[in-house]
Amino acid sequence: MRMKADVFIGGGGIGGLTLALKLVQRGVNVVLAERMAVKAPTYKGELLQPKSMQIFDSLGLYEQICNRSNEIKVLDMLELSSSLQVKDQSFMDYSVLPGKYNAAYMMHHEELKSVILKAACAFDNFHYLKGVACKGYGEGTALLQKGTEKFEVEAQFFFGAEGRSSVTRKAMEVEVKQTTYNHHFLTVTFPRAEDFTDGKIISTYNRFLGLFPLPDDQVRSVYLIPPGDYKALKEKPISHFHKLYTDLAPVVDGYVQQLLDWKKIQLMIPVMYHADSYVKDNKAIIGDASHAVHPMAGEGMNMAIQDADVLGELTADMFERQQTDLTNLKWYEKVRYKRADHVIQLSHLAALAYSFPFKPVSYLRQRTFERMEEDPILHFKQMLNVSGLGMWKENVRDRFIQGGIMPVRIKDLAKDTKELRYYTPEEDYPWKTEGLT
């Protein structure tokens, strides 16, 4: 059997589905193959940053997502002493971002997938193949398999959103070199108090706990452990796990105890890599196929959404203008590569700040976050970079302020000045003004 489409997408995660929805809304004929026939057993991203919300707004999904999410305006950063008393408290506040998109949203991953998939399935030009694996590529075709049945999809473009073990990336002969870290994470969702709605990051010189409230009175947690400790931890009673959490976060006492079995607690192993290229001939890769980011800043899923937005807009414009020359795909890489690299480095630095169990590191981290909160320009830069709405790199003066060598700036930036730092449509989609081949 052979199917035909304008675009074939391998991978039906958040990135692949967002890309498909963008394309089908613009009249492009899409076949998407998703290997998993059931819900993925491993943890997937749930934190939507402001740029992702802006993209979903353009796709007509903003209200649905808001209504089914928990809004996070503030991340509460708590540094505890060795005796687990609060030594310092600072805040990462999304409200410093002017405009409509000034909050993050926590939404169950599978629910977000279902919202995007339902929207895409409303279009006759979308063809969703569930439980179908892409095994490779032929001459102008994707080679698919479902059980013992084999078939092909003929298309003009082939986009890989299959994750870390991308078949498309392999076909493009693009290599990635992984960086591993000196820590792993335990991650699990459990009930929370109704009034616990903002995020918390709690740390000591040698411990880290992140708490991110989901809707339906639940909270997603990540707890840092040394690599290799998972097996030994699982041999201890579940009450040991409860105490790890309640020691650091009394707010979860009475709730985390509702976890009764280690089987619900997953091990998450962070890695980092960045492919040398996103595009080759009529193929392109997005999301974890092209880059993996340390989960400290919750950016992985958002980067995939932002990749999908740019590649989808570009490809739809190419079809609409009947300018489907393969060299035009390079616009996608030109826009996204530097942005992704910046986020990868920011997340890497954040990981290093929490990676080393030494008191001097804890002091420097505490000092940096204090200064960031006290200096309104540093605070805005941090939130802008995390949000995905723009990019403003720190300069030498910023570093001196963080280190206490120079005094903090008191004066805040005007709303208009802040908005000048946001990506413009011309920066997101430069080919619209500069032209296609």
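Rules used in this analysis
Residues numbered from 1 in each chain as written. Predicted model: local features only at pLDDT ≥ 70, side-chain atom pairs only at ≥ 80, totals over all residues. Heavy atoms only, no water. Axes fitted to C-alpha atoms, helices over the stretch in contact; angles between N-to-C directions. Helix = DSSP H or I, 4+ residues; strand = E, 2+ residues; numbered from the N terminus. Parallel < 35°, antiparallel > 145°, perpendicular 65-115°, else oblique. Left-handed = near helix turned anticlockwise from the far one by under 90°. Contact = heavy atoms within 4.5 Å. Nonpolar A, V, L, I, M, F, W, Y, C, P; charged D, E, K, R; others polar. Pairing = 2+ DSSP bridges. Phe/Tyr/Trp six-rings, centres within 6.5 Å; stacked < 30°, edge-to-face > 60°. Buried < 20%, exposed > 50% of the residue type's maximum accessible area, 1.4 Å probe, protein only. Lys NZ or Arg CZ within 6 Å of the ring centre and 35° of its normal. Expected span 1.5 Å × (residues − 1). 1 Å grid on protein atoms, 1.4 Å probe; cavity = no way out; pocket = protein on both sides within 12 Å on 5 of 7 lines; lining within 4 Å. Points joined across faces, edges and corners; volume = space filled by probe spheres on them.

Chemist: Provide a residue-level description of the packing of helix α8 (residues 300–320) against helix α9 (residues 330–355), including the pertinent values.
Modeler: Running from amino to carboxyl end, α8 crosses α9 at an angle of 170°, the nearest separation of the two axes being 9 Å. The orientation of α8 with respect to α9, classified from their angle, is roughly antiparallel. As for the relative orientation of α8 and α9, their crossing is right-handed in sense. Listed contacts from α9 to Met303, Gln306, Asp307, Val310, Leu311 and Leu314 of α8 are Trp331, Tyr332, Val335, Arg336, Ala340, Val343 and Ile344. A breakdown of the residues in the contact of α8 with α9 according to their chemical character gives 10 nonpolar, 1 polar and 2 charged.

Chemist: I'd love a proper account of the sheet that holds strand β16 (residues 199–203), names of residues and values included.
Modeler: Ordered by their spatial adjacency, 7 strands build an open sheet running β7-β6-β16-β17-β18-β15-β19, and the pairing between neighbours is mixed. Strands at the two margins of the open sheet, each flanked by one partner only, are β7 (86–93) and β19 (266–268). Mean inter-strand twist for the sheet, computed between neighbouring axes without regard to direction, equals 20°.

Chemist: How would you explain the packing of aromatic side chains if you had to name every residue and give the values?
Modeler: Here the structure, examined in full by the defined rule, presents 17 aromatic pairs. Taking 6.3 Å as the distance between ring centres and 50° as the angle between the ring planes, the aromatic pair formed by Phe8 and Phe158 counts as tilted. In this pair, Phe8 is assigned in strand β2 (residues 7–10) and Phe158 in strand β13 (residues 157–160), connecting sequence segments 150 residues apart. Relative accessible area serves as the criterion here: at 0%, Phe8 is assigned to the buried category. Its relative accessible area of 1% is what places Phe158 among the buried residues. Within the aromatic cluster, the residues linked to one another by ring pairs are Phe190, Tyr223, Phe241, Tyr245 and Trp262. Across the ring face of Tyr62, the terminal group of Lys100 is positioned such that the distance to the ring centre comes to 4.4 Å. It is Lys283 that lies over the ring of Tyr137; its NZ or CZ is 5.0 Å from the centre.

Chemist: Requested: an account of helix α1 (residues 14–25), with residues and values cited.
Modeler: With 12 residues, α1 extends 16 Å between its outermost C-alpha atoms, agreeing within 8% with the 16 Å of an ideal straight helix rising 1.5 Å per residue. With 11 of 12 residues buried, α1 lies mostly within the body of the structure. What α1 keeps buried is the set Ile14, Gly15, Gly16, Leu17, Thr18, Leu19, Ala20, Leu21, Lys22, Leu23 and Val24.

Chemist: Please give an account of empty space enclosed by the protein that cites residues and values.
Modeler: In this structure the tally under the stated criterion is 3 cavities of 30 Å³ or more. As a volume, the largest cavity reaches approximately 110 Å³. Together, 13 residues line the largest cavity, and Gln306, Arg339, Val343, Gly388 and Tyr423 are the ones closest to its centre. Looking at the lining of the largest cavity, the elements with two or more residues in it are α9 and α11 (376–387). If one sorts the elements of the lining of the largest cavity by residue count, α9 sits on top with 5 residues. Split into classes, the residues belonging to the lining of the largest cavity amount to 5 nonpolar, 5 polar and 3 charged. If you go around the second largest cavity, the residues you meet are Met77, Leu78, Glu79, Asp88, Ser90, Ile201, Ser203, Tyr354, Arg365, Gln366 and Phe369. Of all the secondary structure elements, the ones that give two or more residues to the lining of the second largest cavity are β6 (74–80), β7, β16 and α10 (359–374). A breakdown of the residues in the lining of the second largest cavity according to their chemical character gives 5 nonpolar, 3 polar and 3 charged.

Chemist: Describe the packing of α1 against α8, and please don't skip the residues or the numbers.
Modeler: Running from N to C, α1 and α8 cross one another at 25°; their axes reach a closest spacing of 8 Å. The orientation of α1 relative to α8 falls into the category roughly parallel. When the axes of α1 and α8 are compared, the crossing they make is right-handed. For the pair formed by α1 and α8, the contact residues are Ile14, Gly15, Thr18, Leu19, Lys22 and Leu23 on the first element and Met301, Ala304, Ile305, Ala308, Asp309, Leu311, Gly312, Glu313, Thr315 and Ala316 on the second. Classifying every residue of the contact of α1 with α8 by side-chain character gives 9 nonpolar, 4 polar and 3 charged.

Chemist: An account of the sheet that holds strand β10 (residues 133–137) is needed here, citing residue identities and associated values.
Modeler: Strand order in this open sheet of 4 strands is β1-β12-β11-β10, and the pairing throughout is mixed. Strand pairing shows two members of the sheet lacking a second neighbour, β1 (2–4) and β10, which therefore form its edges. The average angle at which neighbouring strand axes cross in this sheet is 30°, direction not considered. As paired strands, β10 and strand β11 (residues 141–146) are joined by 4 bridges and run antiparallel to one another. Bridging across to β11, Gly136 finds its partner in Leu143.

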